[in-house]
Amino acid sequence: MKEYFKVGKIAYEGPKSTNPLAFKYYNKDEVILGKPMHEHLKFAMSWWHTLCAKGSDQFGSNTMVRTFEATDPLQEAYQKVDAGFEFMDKLGIEYFCFHDRDLAPEMPTLKESNEALDKVSDYVLEKMKGTNIKCLWGTANCFNHKRYLAGAGTSPNADVFAYAAAQIKKAMDTTKKLGGKNYVFWGGREGYDTLLNTDVKQELDHYATLLTLARDYNKKSGLNAQLLIEPKPKEPTKHQYDFDVQTVLGFLRTYGLEKDFKMNIEANHATLAIHTFNHELNVARINGVLGSIDANQGDMLLGWDTDQFPTNLYDAILAMYEVLLNGGLGTGGLNFDAKVRRQSFTDEDLFISYIAGMDTFARGLRIAAKLLEDKVFENFKTERYASYKTGIGKKIADKKVTLEELSDYALAHDQIENASGRQEWLEAILNQYI
Ligand code: XLS
Ligand code: CA
Ligand code: CA
């Protein structure tokens, strides 16, 4: 078997190590809050950004130097499988995520595209045998091809809707074949740019129909995956229908789908919605729909979906804090939906970026666990809301009060005393834990 990367197995060397090709914080088997790190942090390799992205942008062509490239796209697809498994093995990554069109190329007809996907996924299945590498989630790419110029499930063209349904069916079959425990729907081009040509009500109805059909097929086909919607507020369209977690919750409840879907929360999409990553995780958690994470980060000064590797420790701590409060991610995990920068074009950069991301989350986990153990914020919050534990507050919390009674109470207690929110103090304590 050809070796594609001139990099050996990545080992844990601890925080003092200066070796760029070693983990400083991710110590796979170290137990944190009763569970080994690799169970808290089910890291996944994104097939698209790792094996398919070649560094091109709006202004320039490819920059990546990849030894697994080939002139025939199908040949390249097989080589990507070999390279991908070598990469995951060397990093100790146990999961991967894929779009149908990352695994195998789009062919001239749908039938041929399906056949190509069958062949390449057979090969993936073969490679999985004898390893502990698993599929975290699959999805269908219903946004790249020009047929999807006006969306997939929300396209004004019914033939496009049918084509998307066919692609989703096949991607679900492929996810089942590879043993995937989750299936993701990112809205792609489900959104609009101008109301002058768009019937939003009709588009949302159609989108819900597509998701309902997929929900039914999930059971009928025996895939039985956790279905996940991935919110994103803009890009490619101006108004993406799956804006953020709260918007998606409203949509799911309108169409009676709230019990069937959880969410895949991406850090960069949260910040595009002018939310923090932990805000989105929190909204999902308190509504019981925190399913999985796309671990990356954006650049606040650029303001588009840059999909950078997550190196911001602060955000990782607050994210892992939510994950711990959630009791983990169930069947979900942490997918590196992240790509190396255009100037980081070597194979080594790919490894270094994954190490940086894994170490950031490992360190975030350690610090979040300590904060939680010491109940730093939890004790503060208990105290802050203590007025709802007794007296009139308890009556409000128990919903055993009328507006008239509250009015009488307020008339007798109209000299209000508030307590400080102590934000700066709490931020300083958080810094002490870092
Ligand atoms: C794009 C999305 C996409 C999904 C999967 O912005 O992040 O990559 O994760 O289709
Ligand atoms: Ca994503
Ligand atoms: Ca993204």
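So, here's what we can say about the structure. This one's a predicted model, so the numbers in the text were calculated from it and none came from an experiment.

### Considering the sheet that holds strand E14 (residues 334-336)
Pairing is parallel in the closed barrel, where eight strands are placed in the order E5-E6-E7-E8-E10-E12-E13-E14. Here the average twist between neighbouring strands, direction ignored, is 30 degrees. Where strand E12 (residues 261-266) and strand E13 (residues 290-294) come together, four bridges link them in parallel fashion. Residue pairing for E13: Glu266 is matched across the bridge by Asp294. Against the sheet, helix H6 (residues 158-177) contacts strand E6 (95-99), strand E7 (134-139), strand E8 (182-186) and strand E10 (226-230), and its axis sits at roughly 150 degrees relative to E8.

### Describing the coordination of the calcium ion (ligand 3)
Distances from the calcium ion (ligand 3) to its protein donors, Glu266 (OE), Glu266 (OE), His269 (NE2), Asp305 (OD), Asp305 (OD) and Asp307 (OD), fall at 2.3 to 3.1 Å. In primary-sequence terms, the residues that donate to the calcium ion (ligand 3) follow E-x2-H-x35-D-x1-D. Separating the calcium ion (ligand 3) from the calcium ion (ligand 2) is a gap of 4.4 Å, bridged by Glu266, which donates to each. Placement of the pair is His269 in helix H9 (residues 267-272) and Asp305 in the loop between E13 and helix H11 (313-325), with a sequence separation of 36 residues. No difference in accessibility class separates His269 from Asp305, as the two residues are buried.

### Describing the coordination of the calcium ion (ligand 2)
For a metal bound by four donors in tetrahedral geometry, the ideal donor-metal-donor angle is 109.5 degrees, whereas six donors in octahedral geometry ideally sit at 90 or 180 degrees. In this structure, Glu230 (OE), Glu230 (OE), Glu266 (OE), Asp294 (OD) and Asp337 (OD) serve as the protein donors to the calcium ion (ligand 2), at separations of 2.1 to 3.1 Å. Between the donor residues of the calcium ion (ligand 2), the gaps in sequence give the motif E-x35-E-x27-D-x42-D. With relative accessibility at 6%, the residue Asp337 sits in the buried group.

### Brief notes about the site of ligand 1
In the region of ligand 1, the neighbouring residues are Trp48, His99, Trp137, Trp186, Glu230, Lys232, Glu266, His269, Asp294, Asp305 and Asp337. With the chains in place, 93% of the 290 Å² that ligand 1 exposes on its own is no longer accessible. In terms of residue class, the shell around ligand 1 is made up of three nonpolar, two polar and six charged.

### As for the pattern of salt bridges
Throughout the structure, instances matching the rule amount to 27 salt bridges. Put simply, Lys134 and Glu94 hold a salt bridge, and the shortest N to O gap is 3.6 Å. Taken together, the positions of Lys134 in strand E7 and Glu94 in the loop between helix H3 (73-91) and E6 put the pair 40 residues apart, joining distant regions of the chain. Overall, Lys134 belongs to the partly exposed group, its relative accessible area being 31%. Using a relative accessible area of 11% as the deciding quantity, one classes Glu94 as buried. Where Asp305 meets Lys232, a salt bridge forms, and the shortest distance between an N and an O atom there is 2.7 Å. Remark: Lys232 occurs in the loop between E10 and strand E11 (239-240) and Asp305 occurs in the loop between E13 and H11; sequence separation between them is 73 residues. Residue Lys232 is classed as buried on the basis of its relative accessible area, which comes to 3%. A single network of salt bridges, built from pairs that share partners, joins Asp100, Arg101, Glu106 and Arg147.

Rules used in this analysis
- Residues numbered from 1 in each chain as written.
- Chains lettered and ligands numbered in written order.
- Predicted model: local features only at pLDDT ≥ 70, side-chain atom pairs only at ≥ 80, totals over all residues.
- Heavy atoms only, no water.
- Pairing = 2+ DSSP bridges.
- Helix = DSSP H or I, 4+ residues; strand = E, 2+ residues; numbered from the N terminus.
- Axes fitted to C-alpha atoms, helices over the stretch in contact; angles between N-to-C directions.
- Contact = heavy atoms within 4.5 Å.
- Donors = N, O, S within 2.8 Å, 3.2 Å for Na, K, Ca; no water.
- Buried < 20%, exposed > 50% of the residue type's maximum accessible area, 1.4 Å probe, protein only.
- Near = heavy atom within 4 Å.
- Areas by Shrake-Rupley, 256 points an atom, 1.4 Å probe, with all protein chains shown as cover.
- Nonpolar A, V, L, I, M, F, W, Y, C, P; charged D, E, K, R; others polar.
- Salt bridge = Lys/Arg side-chain N within 4 Å of Asp/Glu carboxyl O.

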